[in-house]
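# Inside the fold
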Amino acid sequence: MPCVGDWLNNPLSIVQGVFAQNVPNSDWEKKVTEYFKEKLKENNATNWVPSLNDVPVHYLKPNSLVKFRCMVQDMFDPEFYMGVYETVDPNTNARVLHFGKYRDVAECGPQQEIDLNSSQTVTSERQTFYCVPVPGESAWFHAYISASQARVSPSTSYTPSRHKRSYEEDEDMDLHPSKQKEQHMGKSCSGGDIHGCVEPKRLETEASAGHHLTSPNCSPPLDLNFPLPGEKGPACLVKVYESWESFKVNDVLEVFGVLSVDPVLSIVNSEERDSSTLDPMECMDTAEEQRVHSPPASLVPRIHVILAQKLQHINPLLPACLNEEESKTFVSNFMSELSPVRAELLGFLTHALLGDSLAAEYLILHLISTVYARRDVLPLGKFTVNLSGCPRNGIFTEHLYRIIQQLVPASYHLRMTIEIMNHSRFIPRKDYTANRLVSGLLQLASNTSLVIDETQLEQGQLDTAGVHNVTALGNLITWQKVDYDFNYHQMEFPCNINVLITSEGRSLLPSDCQVHLQPQIIPPNMEEYMSSLLTAVLPSVLNKFRIYLSLLRLLDYSISDEVTKAVEEDFVEMRKNDPESVTADDLHKMLLVARFLSLSAGQTTLSRERWLRAKQLEALRKARLQQQKCVNGNEL
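Residues numbered from 1 in each chain as written. Predicted model: local features only at pLDDT ≥ 70, side-chain atom pairs only at ≥ 80, totals over all residues. Heavy atoms only, no water.

In the nomenclature of an unreviewed UniProt entry, the chain corresponds to Mini-chromosome maintenance complex-binding protein from the organism Menura novaehollandiae. UniProt's Subcellular location (unreviewed entry) comment on the chain is quoted here verbatim: "Nucleus". (UniProt positions renumbered as here; feature names shortened; annotations may be inferred.)

Here you go:
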């Protein structure tokens with residue numbers, strides 16, 4: 001039986017063994033998938049697999065098994081490759097079958113050539129995704145993942161099997177492909193050419209991919225097309241062989257596959273761009289598209305996917321799938337101690353909100369909210385909160401964001417200044433010259449926390465781009481969708497983003513619920529106060545908060561017929577007493593508050609007690625707004 005080192009360090013040898021035993025039976029591909037699926041189920045085996053999110057590419061062995069947690073930023077046209085091909089030895093006429101799956105470049109042994117006219121050749125299809133790390137991943141998230149990896153990953157997975165080159169050397173190789181030719185001569189087929197006695201283009205199994213080098217729209221020399229500024233981590237071309245139709249743009253995936261960083265790809269792509277002898281009909285791509293879709297593998301590695309799964313959530317403290325038996329035990333144990341966790345979290349957020357316990361209640365409800373369904377175009381479950389009454393200087397929002405960042409796996413702080421609104425790209429758009437989707441700030445993964453700081457909005461003029469960006473934010477909040485710009489038309493992309501707006505008065509943007517902040521504490525030094533608040537919380541308590549907020553989003557919820565009838569009767573009574581101020585929108589809001597109040601207490605059905613508590617919270621919130629309106633003499 002193969003040992004751990006075989007399937008981790010040399011997965012293609014496992015594939016070769018299965019292929020050799022089962023050819024010409026087409027079941028070999030299914031058996032490969034089943035083999036790795038079983039291996040990864042063993043004893044924390046997924047933690048043994050090195051992750052591209054945490055380990056630099058140059059420390060990983062080429063053609064080893066790796067994993068990558070990522071968001072699908074763009075999808076490219078399907079590409080064709082040689083799934084099975086045959087080589088022949090001209091001297092002995094001996095023939096050997098090879099598989100092309102999980103490879104970028106077709107390989108053959110010494111003194112062999114590929115028979116392009118063989119009847120055994122099988123042309124197959126695969127899909128390429130351009131994937132980036134999940135935008136806005138929190139620092140605690142990375143620290144936890146790295147710690148769990150370091151405890152169990154074999155050191156061999158981190159040992160480079162080739163001389164480690166710097167990025168400068170990689171760039172030099174790309175500028176002078178002849179250096180790579182010297183290094184890789186004889187690696188594939190024998191003869192004067194790297195691939196044998198045939199054109200590199202015909203044997204190179206990769207057709208098109210996504211990469212962003214210098215572009216007319218981007219100033220940096222290397223644009224990896226991350227949605228958020230300042231993001232770090234690898235971008236990858238993820239090659240998917242099965243069920244790619246089940247994935248879509250902005251899905252968060254965890255993929256396990258074969259790492260391909262062969263420098264020979266850069267040579268082939270460089271030669272294709274420079275060659276003037278290619279038939280124009282065979283090379284329809286523009287120079288810009290070729291450059292963008294054919295990055296150096298050292299900068300944008302390829303992963304040939306053996307297994308891929310869409311993630312329900314990205315919190316590493318929770319089991320990946322909550323439906324399994326072990327996961328149910330975890331959930332059951334945590335739910336048994338939910339009440340004290342909620343009480344501690346409420347106290348923590350009350351301090352963060354300067355002693356305002358009502359605002360803390362609503363912040364908890366906001367943080368566990370999620371779009372659970374869509375009725376026609378209406379997203380159900382969104383709960384955007386506008387926290388008004390915040391200090392103007394932006395320091396408070398900055399520190400509040402840092403606290404939220406410590407609680408959620410992914411977040412982004414959007415400072416709503418005139419400069420940012422006028423000069424940032426919020427909406428992704430299609431670049432037809434390079435045939436890619438250029439990312440924007442609002443291309444975020446599901447359940448990302450977006451904190452919009454409106455207190456920094458100064459006097460000034462919004463230009464056309466700024467107005468479009470404000471409109472995009474409004475559509476995101478109201479409809480939970482972003483209209484991507486495809487030049488000739490717009491395409492709706494549904495999303496599920498938790499938006500919190502901080503403002504002085506009532507926000508310019510729409511919201512589901514406005515809560516006016518009433519500080520009970522005015523700390524002389526805000527930074528010192530907020531920092532001491534974070535340092536006073538034990539890491540184990542913070543982890544409980546993180547589990548609490550992620551887990552409650554995933555729970556099902558229902559209202560019994562009996563409670564539904566009681567709520568309807570209650571609403572009719574409220575309308576009788578005060579028909580002017582109680583509307584259908586108020587009922588919807590109270591039901592939403594009651595939903596999240598119930599879930600926050602670990603209850604998956606609405607009780608009479610929670611309904612009354614929801615009414616009480618809403619009455620307090622409205623009274624506070626009315627009081628503030630009277631004080632200021634205008635509407636907040």
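Secondary structure summary: the chain contains 21 helices and 19 strands in total. With 636 residues in all, the chain has 54% of them scored as buried. Considering only contacts within the chain whose residues lie at least 6 apart along the sequence, 77% involve residues at least 24 apart. Split by element, the accessible area of the chain, about 28800 Å² in all, is 51% carbon and sulfur. (Helix = DSSP H or I, 4+ residues; strand = E, 2+ residues; numbered from the N terminus. Buried < 20%, exposed > 50% of the residue type's maximum accessible area, 1.4 Å probe, protein only. Contact = heavy atoms within 4.5 Å. Areas by Shrake-Rupley, 256 points an atom, 1.4 Å probe, with all protein chains shown as cover.)

By size, the foremost hydrophobic cluster in this structure holds 90 residues, and its most contacted members are Leu349, Phe396 and Leu407. If we skip the residues at most four places from it in the chain, Phe396 touches Ala352, Leu353, Leu354, Leu387, Cys390, Pro391, Leu517, Met526 and Met530. (Core = buried A, V, L, I, M, F, W, Y, C linked by side-chain atoms within 4.5 Å.)

This paragraph deals with the pairing of strand E12 (residues 411-415). Where burial is concerned, most of E12 is hidden: 4 out of the 5 residues are buried. Across 5 bridges, the pairing between E12 and strand E15 (residues 449-453) is parallel. Counterpart to Tyr412 in the pairing with E15 is Leu450. (Pairing = 2+ DSSP bridges.)

Right, let's get into the packing of aromatic side chains. This model, assessed by the stated rule, comprises 14 aromatic pairs. With centroids separated by 6.2 Å and ring planes inclined at 90 degrees, the aromatic side chains of Phe129 and Phe247 adopt a geometry described as edge-to-face. Remark: Phe247 occurs in the loop between strand E6 (236-240) and strand E7 (252-260) and Phe129 occurs in strand E5 (residues 122-132); sequence separation between them is 118 residues. As far as the burial class goes, Phe129 and Phe247 line up, both buried. One aromatic cluster is present, built from ring pairs that chain together Phe19, Trp28 and Phe99. Positioned above the aromatic ring of Tyr81 is the side chain of Arg126, whose terminal nitrogen or guanidinium carbon lies 4.6 Å from the ring centre. (Phe/Tyr/Trp six-rings, centres within 6.5 Å; stacked < 30°, edge-to-face > 60°. Lys NZ or Arg CZ within 6 Å of the ring centre and 35° of its normal.)

With that settled, consider the pattern of salt bridges. Under the defined criterion, the tally for this structure stands at 26 salt bridges. As a salt-bridge pair, Lys310 and Asp251 come within 3.4 Å of each other at their nearest N and O atoms. Placement of the pair is Lys310 in strand E8 (residues 302-310) and Asp251 in the loop between E6 and E7, with a sequence separation of 59 residues. Judged by relative accessible area, Asp251 falls into the buried class, the value being 8%. Through salt bridges with shared partners, a single ionic network connects Glu29, Lys101 and Glu242. (Salt bridge = Lys/Arg side-chain N within 4 Å of Asp/Glu carboxyl O.)

Turning next to the sheet that holds E15. Across the sheet, 5 strands lie side by side as E12-E15-E18-E11-E19; this open sheet has parallel pairing. Looking at which strands have only one partner, the edges of the open sheet turn out to be E12 and strand E19 (513-516). Recorded for the sheet is a direction-independent mean angle of 20 degrees between the axes of neighbouring strands. Set on the sheet, helix H16 (residues 464-479) makes contact with E12, E15 and strand E18 (498-502); between it and E18 the angle comes to about 125 degrees. (Axes fitted to C-alpha atoms, helices over the stretch in contact; angles between N-to-C directions.)

A word on the packing of helix H12 (residues 338-352) against helix H17 (residues 526-535). Viewed as axis vectors pointing N to C, H12 and H17 meet at an angle of 165 degrees, and their least axial separation amounts to 10 Å. Considered as vectors, H12 and H17 are oriented roughly antiparallel to each other. Judged by the sense of rotation from one axis to the other, the crossing of H12 with H17 is left-handed. Taken together, the residues of H17 that come into contact with H12 (itself represented by Phe348, His351 and Ala352) are Tyr529, Met530, Leu533 and Leu534. (Parallel < 35°, antiparallel > 145°, perpendicular 65-115°, else oblique. Left-handed = near helix turned anticlockwise from the far one by under 90°.)

Moving on, we get to a nonpolar patch on the surface. Judged by side-chain polarity, Val377, Leu378 and Trp479 come together as a nonpolar surface patch covering roughly 280 Å² of accessible area. Along the chain, Val377 falls in the loop between strand E9 (373-375) and strand E10 (378-380). (Patch = residues over 30% accessible without salt bridge, like charges linked within 9 Å, V, L, I, M, F, W, Y side chains within 5 Å.)

Backbone geometry at Asn225 places phi at a positive 65 degrees, although glycine is not the residue there. Relative to the elements of secondary structure, Asn225 occurs in the loop between helix H8 (200-203) and E6. Residue Asn225 is classed as buried on the basis of its relative accessible area, which comes to 2%. Located in the positive-phi region is Asn447, a residue other than glycine, with phi close to 70 degrees. Within the secondary structure layout, Asn447 lies in the loop between strand E14 (436-438) and E15. The class of Asn447 is buried, set by a relative accessible area of 19%.

Attention shifts here to helix H20 (residues 584-600). Compared with the 24 Å implied by 1.5 Å per residue over 17 residues, the 24 Å span of H20 between its first and last C-alpha is a close match. When you tally the buried positions in H20, you get 12 out of 17 residues, the bulk of the element. Looking only at H20, the buried set comprises Asp586, Leu587, Met590, Leu592, Val593, Ala594, Arg595, Phe596, Leu597, Ser598, Leu599 and Ser600. For H20, the N-terminal cap is Thr583; the gap from its side-chain oxygen to the backbone nitrogen of Asp585 is 3.3 Å. Downstream of H20 by one or two residues, Gly602 has phi in the positive range, about 80 degrees. (Expected span 1.5 Å × (residues − 1). Polar contact = N/O pair within 3.5 Å; in protein donor to acceptor, adjacent residues only side chain to side chain.)

Looking at the secondary structure, you find Lys239 in strand E6. The exposure class of Lys239 is buried, given its relative accessible area of 0%. At 3.0 Å, the side chain of Lys239 forms a polar contact with the side chain of Glu79.

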